Amino acid sequence: MSDHTTPGQLRLTTIELRQMKWMLGNLLALVSLWTLIYIDAQAELLLAATTLTVIISLIRPGWTGKIPRWVWNVAVPIILTISIFVDFWLSMPDLIPPLVRMLLLLVLVRSLQQRRRREDLQLLLMCLFMVMLTGVLTLSMSFGFQILLFTPIGLALLFLITLTEPVNQPYIPLGMEYRWDLFQWRPFIQRIRMVQDVRVVGMIGGLFIGVLGVSFLIFIIMPRFQINQAIPFLNLSTTRSLSGFSDRIAFGDVVDVQLDERVALRVDVPDRSRIPVSPYWRMVVLDKYSDGVFEMSGESEVTRLRTNTYRVPRMQRAGNEEREIWTFYLEGGISKYLPVVGRLHHLRFQERRRFEHLRSLHVFNTTRISGKVLFYQAEGAVNMDVLPAFTTDRLLNGLGPIHTSKEGASAGTATSYPFTTLMVPGEAQNLEVLDQIVDEIMQGKSMTPQAFSAAVVAYLQQRHRYSLQVNIPGGDQDLMVRWLASDEPGHCELFAGAFTLIARQAGYPTRIVTGFRGGVWNGYEQYYMVRNKNAHAWCEVYDGKNGWFRVDATPGNDALELTASVNSSLLNIDLTWGAYFDSLRILWYRRIVKFDQAQQRELAARFGEVSAGLIQSLRGTIREGLSNSRQWITDFGSGSIWTVLLRVALVGGAILGILKMSPYLWQQIKRLRNGSMNNLDPIRQKAGQWLARMNYRKTEGGVVGPVPIDGWQDVLSDLRRIRYGRLADWPEPSSVFRQAREVLKRARG
Amino acid sequence: MNASPTQSADPIHPIRNTTSEIEQDWSEPGFTLPQSRFRNILRVLKQLIRPLKGDKTLPTSVGLILIGLSLAIGIAAYNTSSNILFMTLSLLLSCLILSGVLAWMNLHGTRWKLAVAPRIRAGQSTSLSVDMVNTKTILPTYSLCFELKVLRADKSHQMCQQEGLDPGERTRLVWRYTPSRHGSETIAITRLESLYPFGFLRKILSGWQRQDIIIWPKRTRYSFQPPYGSQWRHQGKTILMSGHGPELINLRHYRPGDAMRTVHWKASARVRRLLVRETSEERQDAYMILLETPDSLWTDEVQFETLSRLAVSISEDLYTRGQLSAVAINDESPRPVRRINDLHGFWDRASTVEKTDHYTPIVNLQGATIITFAPGKDAQVDIYVGSHHAGTTQADHD
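Report follows, based on the coordinates. Small disclaimer: the values here were computed from a predicted structure and weren't measured.

### Notes on the overall build of chain B
Across its full length, chain B carries six helices and 20 strands. Restricting to contacts in chain B with at least 6 residues of sequence separation, those with at least 24 account for 70%. When the accessible surface of chain B is summed, it comes to about 19200 Å², and 53% of that surface belongs to carbon and sulfur atoms.

Encoded structure:
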């Protein structure tokens with residue numbers, strides 16, 4: 001029991017503290033549920049139901065107390081055990097979705113229970129695990145906000161657990177601890193407002209900022225070194241990608257992607273002038289065509305590696321400017337194929353990972369579609385006009401079109417890459433249309449591949465407009481051929497596909513490439529943004545000698561971008577709100593997610609430079625000051641008599657001032673050293689000051705001691721009691737000080 | 001010997017016992033000294049690396065989980081080079097640091113002292129208290145637990161703050177203790193611990209206060225039939241004792257049962273408390289208690305303990321009846337018993353008296369009827385008035 005000798009301030013009762021603790025636990029649960037929105041765990045319904053239930057329990061906490069105990073003791077454990085076990089069994093070997101669902105169920109149960117210390121700690125740990133798991137799996141920027149919200153709520157919860165359930169507290173049966181039957185929101189909030197102390201709140205806020213500062217410092221200083229033992233569990237992958245970027249594209253797949261406004265790719269380019277006005281980001285090369293579907297034949301030369309740095313073979317460095325490094329941030333769920341701008345001679349990842357290089361197609365891909373943002377760097381990236389030919393590409397020289405039917409190519413016909421780049425649907429109705437177009441374009445003349453390509457593009461663009469809404473007439477012919485035969489508008493897939501068939505029929509090996517085209521420059525953080533709507537399909541034609549040149553048959557684009565034209569003044573710079581918010585994300589990636597040893601060294605070096613600069617500047621200032629002083633002293637006696645007299649007066653005045661102030665200064669120094677006054681209670685200190693005034697009163701005759709005025713001795717004795725006596729023996733300090741003031745006034749009068 | 005209760009400073013942490021020129025008996029954590037702020041900052045920084053002797057900071061079960069979690073996250077972070085995990089780890093570590101800082105701040109302005117009555121009685125429940133005061137100006141003090149120990153009885157008890165202590169407030173933590181044996185005893189605060197603020201770490205301060213007390217013996221039942229007859233009165237020898245005579249010998253505070261006519265109204269008005277006159281009276285039936293403890297006589301420990309109880313019980317009863325003139329133990333000179341303090345002084349000595357192997361008995365004790373004690377049958381102790389058996393102890397029905 002306690003016996004307060006002085007009346008205390010208002011404070012919350014133990015029941016109210018427990019209620020607050022319970023609510024904080026549920027708030028924590030809500031924060032962790034928020035994080036699960038960013039994970040695809042196939043538990044949307046369960047997540048929605050859990051969130052709703054927790055919110056209702058916060059609004060109306062009383063109803064949770066009505067759930068009978070047998071539910072918690074019997075029914076819930078059985079149901080949970082069975083459902084979790086079955087879920088894991090059915091989901092194997094994929095562990096993450098059943099793990100997330102299990103956590104959801106456990107958090108739901110704990111949120112509704114009348115918790116004691118052990119259950120509160122379990123809830124805290126589970127919520128922390130969920131926040132961390134989501135952060136690691138998605139690298140989402142919202143993790144920063146979530147952990148910032150989580151930390152103070154979690155700490156407050158721990159604090160209240162320590163307060164409300166001390167070690168020696170006797171056990172109170174469940175149901176009696178919270179008294180939800182008496183709970184009402186308005187009085188509860190009023191009580192909190194009454195008991196809070198602004199100074200304490202301010203101090204807590206300051207401490208929390210301190211925690212963030214120390215945490216940031218630890219984050220920066222913590223040594224980073226590569227162990228490169230990636231835990232497979234922490235690699236979230238998804239089987240779904242935007243289908244426009246897979247190795248098999250059906251009609252309409254790329255167009256579907258073009259309807260998506262989200263940013264798919266961000267590129268850090270060291271020199272803005274190096275990026276073309278409208279770059280083509282190659283991802284997938286589709287060489288095989290059959291019945292409206294383009295696909296990668298998958299038979300090209302493949303290098304498979306597990307590494308974090310890869311030197312691209314047969315790519316020579318051209319010059320110093322090609323040492324620059326472009327950093328790519330590919331959002332999760334886009335594709336396993338990595339967008340590259342053209343040629344590069346080194347590819348680097350943040351950690352070791354499995355990836356493949358399809359050398360003949362010059363395509364790079366990871367083995368799985370990443371569910372979170374993927375970082376990689378391309379050293380020596382150059383926007384290429386002509387992609388060098390691979391050795392097997394020479395086999396195409398002198399070949400004509402390879403006609404295939406629905407049953408497949410005829411016997412003896414090569415059907416692997418690079419021969420697939422000459423395959424054309426060989427049915428008579430298709431060939432009739434294609435031959436007619438080829439004849440119309442070539443008119444019996446021999447043309448270079450470049451000239452032919454330009455002519456085909458002109459032909460297509462004359463007859464077909466660009467539109468995303470397409471209506472292809474029906475018939476027996478191949479889909480592309482039917483479109484060619486019509487005058488319907490089309491989109492990039494149709495233009496690229498049609499161009500491919502025409503070129504192949506004319507004997508020019510051609511392949512379709514999908515990826516992105518263009519993008520905008522983010523003017524806030526100076527990087528390139530490519531959205532999903534920039535998805536595009538174009539062609540590459542083999543010129544028979546140097547390699548494959550790009551042809552974009554879609555209207556509105558330069559057909560043949562044969563020169564890597566870069567003109568940064570024509571770059572589309574985005575300074576909208578959307579760009580601003582996206583720049584926060586790139587900051588998150590650059591400064592936090594991608595922070596590594598190299599950046600640590602760079603930070604340390606920059607810190608060193610700044611410090612050295614400051615020291616230099618300080619030295620310079622001091623030297624200058626000393627030099628000026630020397631000069632002043634040297635010139636002291638020079639000049640007119642009045643100048644000299646003025647200088648003497650100034651110096652003399654300064655010396656006199658120092659001498660006069662020195663006792664006071666010395667006293668202050670002694671006080672600081674001894675600290676006796678500083679440690680005193682401020683009221684005792686004030687009493688001491690009044691004592692000094694009353695004991696040593698100054699008059700015209702000098703300093704005198706106490707004056708025999710009525711009340712003087714009483715006031716003196718009260719002041720001594722405050723200054724030296726026990727707290728319990730104090731008279732009311734403010735009234736004593738008032739009396740002292742009055743007595744002094746009378747003494748003066 | 002007057003066994004007065006004493007307080008002593010902690011030999012390990014003399015600084016734990018304060019410092020203020022008035023409040024000498026308060027203890028404090030000793031983090032800072034009355035010196036300059038700069039030196040105190042250095043002292044605090046030094047304590048971060050090398051805590052004060054005997055101070056400990058131990059992880060609780062929650063703290064161990066946190067440490068384990070931090071290790072696991074750290075290992076995972078280095079394995080995967082995931083900055084998300086590094087971020088979480090740095091937040092966890094800074095929360096640990098915050099916990100230490102807040103624990104320090106919680107203890108820093110707290111003062112405490114033992115509040116124990118210097119004399120208590122065996123068999124009676126008494127309060128052993130610790131007074132706490134929060135001298136901070138802004139922050140309250142929470143979650144402090146004191147371990148109070150009764151050293152000779154080897155009993156300890158942990159008392160914890162149930163509510164926060166606001167700045168400038170005092171509180172008292174109480175332990176109801178019933179001592180079973182009389183004698184000298186030491187009550188000590190052996191440690192102060194706190195789980196504040198998050199329950200990660202148990203901060204233990206080992207500085208202690210101690211207070212020596214006397215536990216008076218429990219009352220015992222006895223029978224006492226003093227002999228009557230003129231030979232038991234000292235002829236011509238009278239003893240001035242308080243009674244109803246004419247001569248005023250003392251003014252004392254009113255006791256229930258005193259006649260109203262003995263109240264001294266003038267004196268009472270002056271001091272605003274009832275005072276009664278004590279006048280002299282010739283008494284010839286005042287007793288003097290002589291407590292002798294030769295080890296050759298008192299071989300049984302139980303009987304020896306009963307002796308102390310009996311001496312105290314009979315002296316209390318005789319004093320109440322105004323029949324106790326003096327007391328003596330072994331070879332000390334008889335001490336008159338006029339006031340309650342004299343009686344309590346006898347009780348102090350009787351509670352702590354040891355058997356003696358050698359003393360010179362007092363031969364000529366005149367002027368009073370002497371009560372002595374001797375071992376009786378079984379575990380009883382007999383009462384003698386002069387050489388006459390006048391009573392014995394009876395079994396206690398506890």
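### Structural notes on the packing of helix H10 (residues 428–442) of chain A against helix H11 (residues 449–463) of chain A
Residue and element names in this part refer to chain A. In contact at an axis separation of 10 Å, H10 and H11 are set at 115° when each is read in the N-to-C sense. Overall, the two elements H10 and H11 adopt an arrangement that is roughly perpendicular. Relative to H11, H10 is oriented so that their crossing is right-handed. Contact with H10, carried on its side by Ile 437, Glu 440, Ile 441 and Met 442, involves Phe 452, Ala 455, Val 456, Tyr 459 and Arg 463 of H11 and no other residues of that element. Here the residues of the contact of H10 with H11 are counted per class, giving seven nonpolar, no polar and two charged.

### Describing the nonpolar core
Residue and element names in this part refer to chain A. Ranked by size, the top nonpolar core spans 92 residues in total, and within it Phe 150 and Trp 588 carry the most contacts. A per-element tally of this core places helix H5 (residues 117–138) first, with twelve residues. If we skip the residues at most four places from it in the chain, Phe 150 touches Leu 28, Val 31, Leu 124, Cys 127, Leu 128 and Val 131.

### Observations regarding the pairing of strand E15 (residues 287–291) of chain B
Residues and elements named next belong to chain B. Burial analysis of E15 places five of its five residues in the buried class, which makes it a mostly covered element. The side-chain alternation of E15 yields two buried faces, one formed by Tyr 287, Ile 289 and Leu 291 and the other by Met 288 and Leu 290. Here E15 pairs with strand E16 (residues 324–329) via five bridges, running parallel. Note on E16: the bridge partner recorded for Met 288 is Ala 326. Viewed along the sheet, the connection from E15 through helix H5 (residues 301–320) into E16 turns out right-handed. Summarising the sheet, E15 and strand E18 (residues 369–375) pair through three bridges and their orientation is parallel. Bridge pairing in E18 links Ile 289 to Ile 371.

### Topic: the pattern of salt bridges
What the rule picks out here adds up to 30 salt bridges over all chains. Between Arg 590 of chain A and Glu 525 of chain A there is a salt bridge whose closest N-O contact spans 2.9 Å. Of this pair, Arg 590 of chain A sits in helix H14 (residues 577–593) while Glu 525 of chain A sits in the loop between strand E18 (520–522) and strand E19 (527–531), placing them 65 residues apart in sequence. The class for Arg 590 of chain A is buried, based on a relative accessible area of 11%. Here Arg 172 of chain B ties to Asp 131 of chain B by a salt bridge, and the two come within 2.6 Å at their closest N and O atoms. Taken together, the residues span a long stretch of sequence, with Arg 172 of chain B in strand E8 (residues 170–177) and Asp 131 of chain B in strand E5 (residues 126–134) at a distance of 41 residues.

Each value, and the rule that gives it
Residues numbered from 1 in each chain as written. Chains lettered and ligands numbered in written order. Predicted model: local features only at pLDDT ≥ 70, side-chain atom pairs only at ≥ 80, totals over all residues. Heavy atoms only, no water. Helix = DSSP H or I, 4+ residues; strand = E, 2+ residues; numbered from the N terminus. Contact = heavy atoms within 4.5 Å. Areas by Shrake-Rupley, 256 points an atom, 1.4 Å probe, with all protein chains shown as cover. Axes fitted to C-alpha atoms, helices over the stretch in contact; angles between N-to-C directions. Parallel < 35°, antiparallel > 145°, perpendicular 65-115°, else oblique. Left-handed = near helix turned anticlockwise from the far one by under 90°. Nonpolar A, V, L, I, M, F, W, Y, C, P; charged D, E, K, R; others polar. Core = buried A, V, L, I, M, F, W, Y, C linked by side-chain atoms within 4.5 Å. Buried < 20%, exposed > 50% of the residue type's maximum accessible area, 1.4 Å probe, protein only. Pairing = 2+ DSSP bridges. Right-handed = clockwise from strand over helix to strand, strands pointing away. Salt bridge = Lys/Arg side-chain N within 4 Å of Asp/Glu carboxyl O.

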